[in-house]
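Overview (structure and organization)
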Amino acid sequence: MVMLGGWKRLLSSQLAMAGLLICVVIVALGLAAPMTAPYDPAQLGAGLPMQPPSASHLLGTDELGRDVFSRVVYAARIALYVSLASTLLAAIVGIPLGLVSGYYRGWVDSVVMRVTDAWLAFPVMVLALGMTAALGPGLNNATLAIGFVTIPLFIRLTRGQVLSLSQRQYIEAARAAGQSNTIILARHLLPNIVPVLIVQFSLAAGSAVLVETALSFLGVGVMPPTPSWGSMLSSAQAYLLMAPWMAIAPGTCIFLLVLGLNLVGDGLRDALDPRTAR
Amino acid sequence: MIENGDTNPRQSGGREPRIARRRFLGALAFGAGSLGLSGKVPALVGSDAQAAAPEQGSRPLRLSLAPPRQGTPTPGGSLTVGLGEQPSTHNPYGGMSNRTTISQFLESLVGLDITTLEPIPLLATAWDVPDEKTYVFTLRKGVLFHDGTPFNADAVKAAFDYMLDPEVASPRASDFDRVDSVEVNDEHTVTFHLKEPFGVFLSTLARQGYFVSPTALKTWSAADLETKPPGTGPFKVADWIKDDKIVLERFEDYWDSERPYLDSITYRILPDGNVKTIAFKAGELDFVDNLPATEVAAIQANPTYTFASAPSTGYRSIYLNTTAPPFDNADARQALAHLVDRAQLIALGTLGFGTPAQGPLAPPQWAFDPDFSPYSPSLENAKAALAAAGTPDGFTFTLKVSNSPEEVRMMEIIQAQLAPSGITMSLETGEYNAIRSTVIDGDYQAFFAGWLGGPDPDRNMFDSFHSEGWFNWVRYKNDEVDALLSQARAIRDTEERTKLYRQAQERVAADAPMVFLRFPYWAVDGQAYTGRVRGYIPDPMQDMLFKDVWVEPQ
Amino acid sequence: MVRFVGKQCLLSIPTILLLTFFVFAIVYLIPGDPAEALLGNTASPEAIAAYRQKMRLDEPLLVQYGVWLGRVVHGDLGVSVRTSEPVIDAIVARLPVTLQLSAVALAFALVGGVPLGVLAATRRNSAWDGVAQLVGLAGLAMPGFFLALLLILVVSLKYGLLPVSGYVSFTENPVESFKSLLLPAVTLGFAVLGAITRMTRTAMLEVLGDNFITAARAKGLRERTVLVRHALKNALIPVVTLTGLQLGSLLGGTIIIEKIFGLPGIGRLMIDNVYAHDFPVIQGVLLFLALIRLATNLATDVLYALLDPQVRFQ
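This section reports on the structure supplied with the text. Fair warning: this is a prediction, and the values are worked out from it, not measured in the lab.

1. A few points about the pairing of strand β14 (residues 315-320) of chain B
All names here are of chain B. Along β14, six of the six residues are buried, which leaves the element largely enclosed by surrounding structure. Residues Tyr315, Ser317 and Tyr319 line one face of β14 and the alternating positions Arg316, Ile318 and Leu320 line the opposite face, and both faces are buried. For β14 and strand β18 (residues 446-451), the ladder comprises six bridges, and the chain directions are antiparallel. From the neighbouring strand, isoleucine 318 faces β18, where its bridge partner is phenylalanine 448. Pairing analysis gives four bridges linking β14 to strand β19 (residues 514-519), with the strands arranged antiparallel. Within the sheet, the bridge partner assigned to serine 317 lies in β19 and is phenylalanine 516.

2. Points about the environment of Pro513(B)
Relative to the helices and strands, Pro513(B) is located in the loop between α16 (494-511) and β19. Pro513(B) has contacts with Ile318(B), Tyr319(B), Leu320(B), Thr322(B), Arg333(B), Phe465(B), Val474(B), Tyr476(B) and Val508(B), leaving out every residue within four places of it along the chain.

3. Quick word on the sheet that holds strand β9 (residues 235-241) of chain B
Residues and elements named next belong to chain B. A sheet is described by the order of its strands in space; here seven strands give the open sequence β9-β10-β11-β2-β12-β20-β13, paired in mixed fashion. Pairing within the sheet leaves two strands with one partner each, and these edge strands are β9 and β13 (305-308). Each strand of the sheet is rotated relative to its neighbour by a mean of 20°, with strand direction disregarded. Two elements, strand β2 (residues 78-83) and strand β12 (residues 287-291), share two bridges in a ladder whose sense is parallel.

4. Comments concerning helix α6 (residues 127-141) of chain C
Every α-helix carries 3.6 residues per turn, so stepping three or four residues along brings you back to the same face. Helix length check: α6(C) (15 residues) gives 21 Å between terminal C-alpha atoms against 21 Å at 1.5 Å per residue, within 8%. Buried residues along α6(C) sit against α2 (14-31), α9 (181-217) and α11 (245-272) of chain A together with α5 (87-122) and α8 (174-208) of chain C. Of the residues that open α6(C), the one with a side-chain oxygen 3.2 Å from the backbone nitrogen of Trp128(C) is Ser126(C).

5. Some thoughts on the interface of chain C and chain A
Listed by partner, the interface residues are 48 residues for chain C and 42 residues for chain A. Surface buried jointly by chain C and chain A totals about 4000 Å² across both partners, of which 82% is contributed by carbon and sulfur atoms. The largest per-residue losses of area from chain C upon contact with chain A belong to Phe22(C), Phe145(C) and Leu149(C), which jointly make up 15% of the total buried on that side. Where chain C touches chain A, the interface holds zero salt bridges. On inspection of chain C and its partner chain A, the count reaches three residue pairs in polar contact (both at pLDDT 80 or more).

6. Re the sheet that holds strand β7 (residues 179-186) of chain B
Residues and elements named next belong to chain B. Read from one edge to the other, the open sheet built from four strands follows the order β5-β6-β8-β7, with strand pairing classed as antiparallel. Since the sheet does not close on itself, it has two edges, and those belong to β5 (124-131) and β7, each with one partner. Ignoring which end each strand starts from, the neighbouring axes of this sheet average 20° apart. Pairing geometry for strand β6 (residues 134-139) and strand β8 (residues 189-194), over five bridges, is antiparallel. Across the sheet, residue tyrosine 135 finds its bridge partner in β8, namely phenylalanine 192. In the packing of helix α3 (residues 153-164) onto the sheet, contacts are made with β6, β7 and β8, and the angle to β7 comes to roughly 165°.

7. Re the nonpolar core
Ranked by internal contacts, the top residues of the largest apolar core, which has 193 residues, are Leu218(A) and Trp229(A). Those residues in contact with Trp229(A) that lie beyond four places of it in its chain are Ile26(A), Val72(A), Ala75(A), Ala76(A), Ala79(A), Thr213(A), Pro250(A), Cys253(A), Ile254(A) and Leu257(A). With 62 residues, the next largest nonpolar core counts Leu83(B), Leu106(B), Val190(B) and Leu205(B) among its residues.

8. Details of the packing of aromatic side chains
Residues and elements named next belong to chain B. For the structure on display, the rule yields 47 aromatic pairs over all chains. Measuring from ring centre to ring centre gives 6.4 Å for tryptophan 127 and phenylalanine 137, while their planes differ by 50°; the resulting arrangement is tilted. One end of the pair, tryptophan 127, is in strand β5; the other, phenylalanine 137, is in strand β6, and ten residues separate them in sequence. The exposure class of tryptophan 127 is partly exposed, given its relative accessible area of 25%. You can call phenylalanine 137 buried: its relative accessible area is 0%. Plain terms: the ring middles of tyrosine 319 and tryptophan 473 are 6.0 Å apart, the flat faces sit at 35° to each other, and that makes the pair tilted. Taken as a pair, tyrosine 319 in strand β14 and tryptophan 473 in the loop between α14 (457-465) and α15 (479-490) lie far apart in primary sequence, 154 residues in all. Residue classification places tryptophan 473 among the buried residues on the basis of a relative accessible area of 4%. Linked through ring pairs, Trp127, Tyr135, Phe137, Phe145, Phe151, Phe160, Phe176, Phe192, Phe201 and Phe211 together constitute an aromatic cluster. Against the face of tryptophan 255 rests arginine 140, its NZ or CZ located 3.9 Å from the ring centre. The ring of tryptophan 240 has lysine 242 sitting right over it, with the charged end atom 5.2 Å from the ring centre.

9. Some details on the environment of Leu345(B)
Residue and element names in this part refer to chain B. Of note, leucine 345 is situated in helix α10 (residues 342-349). A relative accessible area of 0% places leucine 345 in the buried class. Here leucine 345 is in contact with Thr350, Met410, Ile413, Ile414, Gln417 and Leu517, once residues within four sequence places are set aside.

10. Focus on the interface of chain B and chain C
Note: interface size is frequently given as the accessible area lost on complex formation between the parts. Contact residues are listed per partner, giving 23 residues for chain B and 25 residues for chain C. Contact between chain B and chain C buries roughly 2000 Å² in total, counting both sides, with carbon and sulfur atoms accounting for 47%. For the pair chain B and chain C, the interface holds two salt bridges. Here Lys259(C) makes a salt bridge to Asp272(B), at a shortest N to O gap of 2.6 Å. Listed by contribution, the elements that provide at least two residues to the side of chain B that touches chain C are β11 (264-269), α7 (273-281) and α13 (432-440) of chain B. Taken together, the residues that form the side of chain B that touches chain C break down as eight nonpolar, five polar and ten charged.

Calculation rules
- Residues numbered from 1 in each chain as written.
- Chains lettered and ligands numbered in written order.
- Predicted model: local features only at pLDDT ≥ 70, side-chain atom pairs only at ≥ 80, totals over all residues.
- Heavy atoms only, no water.
- Buried < 20%, exposed > 50% of the residue type's maximum accessible area, 1.4 Å probe, protein only.
- Helix = DSSP H or I, 4+ residues; strand = E, 2+ residues; numbered from the N terminus.
- Pairing = 2+ DSSP bridges.
- Contact = heavy atoms within 4.5 Å.
- Axes fitted to C-alpha atoms, helices over the stretch in contact; angles between N-to-C directions.
- Expected span 1.5 Å × (residues − 1).
- Polar contact = N/O pair within 3.5 Å; in protein donor to acceptor, adjacent residues only side chain to side chain.
- Buried area = accessible area lost by both parts, 1.4 Å probe.
- Salt bridge = Lys/Arg side-chain N within 4 Å of Asp/Glu carboxyl O.
- Core = buried A, V, L, I, M, F, W, Y, C linked by side-chain atoms within 4.5 Å.
- Phe/Tyr/Trp six-rings, centres within 6.5 Å; stacked < 30°, edge-to-face > 60°.
- Lys NZ or Arg CZ within 6 Å of the ring centre and 35° of its normal.
- Nonpolar A, V, L, I, M, F, W, Y, C, P; charged D, E, K, R; others polar.

Here it is in structure tokens:
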């Protein structure tokens, strides 16, 4: 049915495939970091400080003589972890709220929607920063903060989908057949909105990467010695002219991962909804 | 960040009753140390970069105070200075945190000679000390405050009455609470009566005894006094846009009709060290202070810049809270001291700038012991200490550090050095003052900071390691050390004192309430300015005085 | 129209209440005593006790919230721990910088994005289309702080074309002011530029496929007239909406941009005080930015209703 044609369209979209490829490469490099990284990312003096890229240091070394390639690879893990964990957190909280809100309507819906409106009024970066200010820095707090600011996106999307699906005949039929609300939600509604949620997931994960690296760039996200693309960029700032590779390597990584996740998300969306495919 | 010890940290918060005690910060003893520094760190002050060719071989570091590339001063022009820390207030009777701007527009009765740090005439042209408790000052004539009020004996009395008024509750009051009364003899003569002999009275006057127009003190709003108090200095405050810039302009009626040469000074407030350095290199600033060592090489290599620095009397160290786990255990503290590789820290973190520190006594001080080296990097010793502490596999702790990129970088090095022992150091960063206040409250495990020190070893020992010291943030208490330090400040014989301080240093290092890391250079770690800046003489007190400075016409 | 606006305003009242509650509640995330967080730990025990009583911190959360909200409604956002400056004054003082920066950024995004999107849609699969798609994607994925560093590296450090830091107010020197804002505004506006380009292209494509365009063409109208009068006018409706909604992310972006370029705006106020743990200011900025965002969203709705009469009858 829809899905099959969708996969075909997805596979035929060059951009989506490019995005998928980027993601796969970054995930593979990150997961296999202990093998793909030639040096310990925290090892001081793995080479001379601030050496340009060479055969022994693919992306050069930083101001403490650490191998930039190894750090970039280990930082990929962190970026992936934070983005997946925070998006998952947002999905786990947001989807049930959206389901309940859209299905039962009434006052539950009103309350959830007003809360969501208020939530969404805060610019993402500002709210995430406010949360980390209160929670303190660190990997887990950053994940929590990013997850928190992503929740309303899932609520709103899920609710919208449920609202439009609820009018469909097969749902009416299930209701008429006396099936319980829980079964209708779990068996009929949820499976039908999963594809849309996957799209949302991949886009939200991309945005989570941007927020995490931004927080780490500001020094309130992932803290040293855990390498993060954001904090690498931040320390590269002082050496822009002397050692531009220190900034270009992690910056390009952020760009590529976010691009990849967005391309995959866009590709999936087009694949699922032929009308928007262009 | 660096503590200069100018203000009791408690009292600047206005929380506790004040105790009278202020010693003169004193001079940085130039060239006194026998630092075997390699030629890669020329560290000349006030010389041009071209002249600062690397000196080969090992020789004592000498500070040249010869005036830089002189010439005929050209009046006019303006100077743009990058300021890392915004002053908390301009009101000299408030809790001033940053003197850099204040010293351009406020003056005291006496100044300090830049080489000897002896008192020299400023607003007073002469003084007489008939007895230990009486100081008679002859005031300079024809001096006006920025608001047109004449500076005279009444103004002096008004300022001190204001400062000592319990209603005003000035944090400065304790600096002068040995002043019994100020007596106006005539228009230009004033007598200070002290309650008891106070050997450092003149120096305290120079550092803390600023004058603000009595008219302004009476009629101005607190907000205006905070931003633009009218003093007698060569410049006056034109504008202060918070977090952006402070603009000073020439005071036309300054008593020295030739000075200042500059029309204006703009301080750009750039707390982000990276931004400040980039702006300097991009030519947007004429002058930067607190230049990190990592930038020094690049700055020195560029002939258009002049670099100024000198060995400091202070040290950089990790403060360990000796009253909270895990560092309430001396073995745990010693483990850290055994693990830190100071040479690597200096080689990587500050590119060779500075010397390894093993104790609080600094190279330029007479009590300094060049052979004192209780700790050398040893994983074995650290493991033994960890086992003795009951944590053979290491432990985790959090270190607080300001979010300055240089300091975070230093701590990244330490993290890597501790890791092999199983000790994990997490970082908590933030604006220095916010972190510092939690440290003062004892709400911390470890903390990285600097201490500016002073010429007298007492400055480096008593405040931080005596159980009654103001800056004893490590909450260290050792009766033996207390006794040694109290004894040492009570006597005058240098040799005897040297012995006592070295003894105390040994105890302190063994107990390791701090992990001493590095004797830095002046400020963090120096200042730099562009070729158009002329006539600048670095002030050992790091006030960055611009009274004699002019700029080369472009 | 008035009724529509009134209804929208009424609808946003509960949102505003909830939003203020979020802001109020954020200090409860801080480990320890919220009174100490709001007064700073240099505050004396007496001051903290007095504050607890004044803000009724020993009573239930909702009572505390009521007290807090009552003060906020009267413009009292508290006092900065660090500078003792009233928070509202600090925000107002820094507002012009952020507004100018955002305005230039938005102008850049619109002036660049709309024509590029139109070109891409009218010349599909041309080089312009390629550029537009590239810009659209890059806008999504390019982190502002990376773009900022690249621009500083190339434009300022290598070629010395534009200043890297600082702010000159418009009234002081319009030319210098514009120069000082150009790099930060381009960086800030880049993401919006991407979004506008994408949206303009999509909307134009959709409109161009509609019957009325075919009809207009059939009437023999000139292509230019068709494009501008008929197609663009309709395609701009979603673009306007998008632009309005992008204002929020623009404001969020000012935090990093103002920090990197040393601009004394709202974003810098936020980050400096995050570092300083100055929670009254953090709360104030959070509240202020959320309200601005809400207001721009509301204005966007109204504008949308004006542009597209169908909406009003819903």
